[in-house]
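Analysis of the macromolecular model
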Amino acid sequence: MIRRFGALLMLGVVGFVCQDLLFSQDLPVISTTGAEPAGETPEPPKGVEVQARGPIHEAFATPTAEAKPTYGVPKKPPEPIEEMPPDEKPEGDVVWIGGYWAWDDDRADYLWVSGCWRVTPPGKDWVPGYWREVSGQHQWVPGFWRTADEEQAADVTYYPEPPPPPQVAPPPPATDPDMFYVPGYWMWVGDHYVWRAGYYTRARPGYVYVASHYRWAPSGFVFVAGYWDYDIPRRGVLYAPVVVDTVVVGPRFVYTPYYAVSDTILVDAYFVRPGFCHYYYGDYYGPRYVSIGFECGYHYSRRHYDAIVVYNRWEHRHTPGWYDARISVTVARSSGRAPLPPRTLVQQNNITVINKTTNVYNTKVIAPTKTVVAKRGAKTVALDSRARMQVKQSANTFQKAAVTQRAKVEAAHRIAPGAQPRKAALNLPDNQKPAKGAAHQGLPKNPHPGAAPNLPKKHDFKGVPAKKDFKGPPIPHKAPGVNVPPKAKAKDPDGPGPRPGIVRPGGNPPNVKRPPDRPPPNRPPPSKRPADDNKKKGR
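To start, this report covers the structure provided alongside it. These figures come from a predicted structure and were not determined experimentally. All residue numbers here refer to positions counted from 1 along the written sequence of the relevant chain. With the structure being a predicted model, the display of local features is reserved for residues of pLDDT at least 70 and the display and counting of side-chain atom pairs for 80 or more, all residues being used for whole-chain, interface and lining totals. Water and hydrogen atoms play no part in the side-chain values, which are based on all heavy atoms of the structure.

1. Concerning the pattern of salt bridges
To be explicit about the condition: For this document, the term salt bridge refers to a Lys or Arg side-chain nitrogen within 4 Å of an Asp or Glu carboxyl oxygen. Runs of E in the DSSP output that reach at least two residues are strands. Runs of H or I that reach at least four are helices, and both are numbered from the N terminus. A simple rule labels every residue: compare its accessible area, found with a 1.4 Å probe on the protein chains alone, to the largest value its type can have, and call it buried under 20%, exposed over 50%, or partly exposed in between.
What the rule picks out here adds up to 20 salt bridges. A salt bridge links Asp 229 to Arg 118; its shortest N-O distance comes to 2.6 Å. Note that Asp 229 is positioned in strand S23 (residues 227-230) and Arg 118 in strand S10 (residues 116-118), a separation of 111 residues in sequence. This pair shows no difference in class: Asp 229 is buried, exactly as Arg 118 is. The shortest N-O distance in the salt bridge between Glu 410 and Arg 406 comes to 3.0 Å. Residue Glu 410 and its partner Arg 406 are both found in helix H10 (residues 385-412); the two are separated by four residues, about one turn of the helix. Across the pair, Arg 406 and Glu 410 agree in class, each one buried. When salt bridges that share partners are traced, they join Arg 53, Asp 106 and Arg 288 into one network.

2. Quick look at unusual backbone geometry
With phi around 50°, Ala 108 is a residue other than glycine that occupies positive phi space. Along the chain, Ala 108 falls in the loop between strand S8 (100-104) and strand S9 (109-113). Here the phi dihedral of Ser 135 falls at roughly 55°; this positive angle occurs in a residue that is not glycine. By the secondary structure assignment, Ser 135 is in the loop between strand S12 (130-134) and strand S13 (137-141).

3. Section: the sheet that holds strand S29 (residues 278-281)
Test applied: Paired strands are those between which DSSP finds at least two bridges.
If you walk across this open sheet you meet the four strands as S3-S29-S28-S30, and the pairing is antiparallel. With partners counted over all chains shown, the strands left at the sheet margins are strand S3 (54-55) and strand S30 (295-296), one partner each.

4. Considerations on the environment of Tyr 200
Secondary-structure assignment places Tyr 200 in strand S19 (residues 199-202). With 22 residues separating them in the primary sequence, Tyr 200 and Asp 178 have C-alpha atoms 9.9 Å apart.

5. Quick look at the sheet that holds strand S21 (residues 213-217)
Condition: To obtain each axis, a line is fitted to C-alpha atoms, and for helices this fit is confined to the stretch in contact; angles are then taken between N-to-C directions over 0 to 180 degrees. Any pair of residues with heavy atoms lying within 4.5 Å of one another is described as a contacting pair.
Judged by pairing direction, the sheet is antiparallel, and its four strands sit side by side in the order S21-S22-S15-S34 without closing on themselves. One side of each edge strand has no neighbouring strand; the edge strands of this open sheet are S21 and strand S34 (422-425). Adjacent strand axes in the sheet meet at a mean angle of 40°, parallel and antiparallel pairs treated alike. Here strand S15 (residues 155-159) runs beside S34; their pairing, made up of four bridges, is antiparallel. By the bridge assignment, Asp 155 is partnered in S34 with Ala 425. The sheet contacts of H10 involve S15, S21 and S34, and relative to S34 the element is tilted by about 150°.

6. Things to note about the pairing of S29
Neither face of S29 is exposed, since His 278 and Tyr 280 on one face and Tyr 279 and Tyr 281 on the opposite face are all buried. Summarising the sheet, S3 and S29 pair through two bridges and their orientation is antiparallel. Across the sheet, the residue bridging to Pro 55 is Tyr 280, located in S29. If you look at the hairpin formed by strand S28 (residues 270-273) and S29, you'll find four residues sitting between the two strands, and Cys 277 has a positive phi there, around 55°.

7. Looking at the pairing of strand S11 (residues 124-127)
The two faces of a sheet get side chains in turn, since along a regular strand they alternate between them. Taking every second residue as pointing to the same face, both faces of S11 are buried, with Lys 124 and Trp 126 on one and Asp 125 and Val 127 on the other. Alignment of S11 against strand S14 (residues 144-147), held across four bridges, turns out to be antiparallel. Counterpart to Trp 126 in the pairing with S14 is Trp 145.

8. Overview of the packing of aromatic side chains
The line we're drawing: Any two of the Phe, Tyr and Trp rings considered here, Trp counted by its six-membered ring, make a pair once their centres fall within 6.5 Å; the pair's planes then place it as stacked at under 30 degrees, edge-to-face at over 60, or tilted in between. In our convention, an over-ring charge means Lys NZ or Arg CZ found within 6 Å of a ring centre and within 35 degrees of that ring's normal.
Taken as a whole and assessed by the stated rule, the structure comprises 34 aromatic pairs. Aromatic pair Tyr 289 and Phe 294: ring centres 5.7 Å apart, planes at 90°, arrangement edge-to-face. Assessed through its relative accessible area of 5%, Phe 294 is described here as buried. Ring pairs connect the aromatic residues Tyr 159, Tyr 185, Trp 188, Tyr 193, Tyr 214 and Phe 223, which therefore count as one cluster. The ring of Phe 60 carries Arg 118 above its face, with NZ or CZ at 6.0 Å from the centroid. Across the ring face of Tyr 289, the terminal group of Arg 288 is positioned such that the distance to the ring centre comes to 5.5 Å.

Interpretation note: all reported values are geometric properties and have no functional meaning in isolation.
Structure below.
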């Protein structure tokens, strides 16, 4: 009797299991996407939370839109964290560029933007940014890449504020799929600005063209001439930002970045925040982030030249609908119809429960350095403790010297409207320069310099993809001045094109701004003014 009851009980259990298997499609699916095998990744130190989203280190990538003062925040940043470089680096000529504090709106506090391994653009030195206090607010002064392969490389010229970009017609379609178009920019000639029109140029596989732009600083605007940089996978290694509880970690805490950011997420979930002069990656979807100045990089590129989007559009030029698909994914995520990337390492590694109609976000956002580099088909090089200490000391020396000099130079003087540009010396240490090697071979040179007097020595007269949706940036008001005919030259690298407009410097000195509570309204385009025929005829 007992045996019969046991057999019946076993049959019942088997039947229940079979029924569960038959109807498993209606039950939640368990996924462990993104988790590393146990024992292979160390736990973050107590008091440190690794983020799977956040600002992209500005030495790794930074927007080049119209230069404006950054927004102020009410809280003073903590003292910089002592940072030890990781125990491995990617092969090739890379330098370690230290981290810095950045404002986190969700927590109304600061997070630490980890340092990064960087293959420096040839002939460039990194000049790091810094925080300054003004009018009770704290304001980030952005860093920039300074030309370092010419005479008087230590000098930085601060210009008056350039006018807003003029309203120009969209460029015609490209005649070759390998051509892309870089917009024009203001250049200083003598005692005024001249608009230099944009032109087409040919794409270079593996290289991103960073268009000429200005970078705001407290004492004026720094002109950064256009240059070729590496595409994202060849720039080095970007590390995840971290939230640090300075009370828990203590005053002697030394942080070593471990989790690198995957190359895929930088293209998949890619945001621009002009008010803080930074790119961001990860989950910044939804109306709340739009209201404080975040914009999807693909939407942003419809109005502004964005070097990363431009290159990726060219790289996927044979994939029909690639760009439109990126826009659709952004809209779906913002409306809650598509899965969002994890926000922290804990979320990435936790088991995720999803229903039958939802797909889990299946891209690993952050991973150990070796994992990220291996996906590129590259290798890492181990660093012993002595080498790491040398790198740490070198990076700290460079960072402190650069920040100290910048803060002193840029607080002493301010370029008034209509004044002449002013040069200042930034004698930075040479210990951030790697030895020249294979990493820089084959990099295309900058376009030819222009012939006008007193111009920065390198210009991007060529270069942004010819997309029908490229309409140029919106302008709050028309730049003053009149049109004049260009000077004809037998071998003018610019060739014939739109006539440059000449303007006198003007505008108010930059002030600290607060982050917007809502997106700024679009202003209507200005009414056109008739050309001054007398000026054209030289009367």
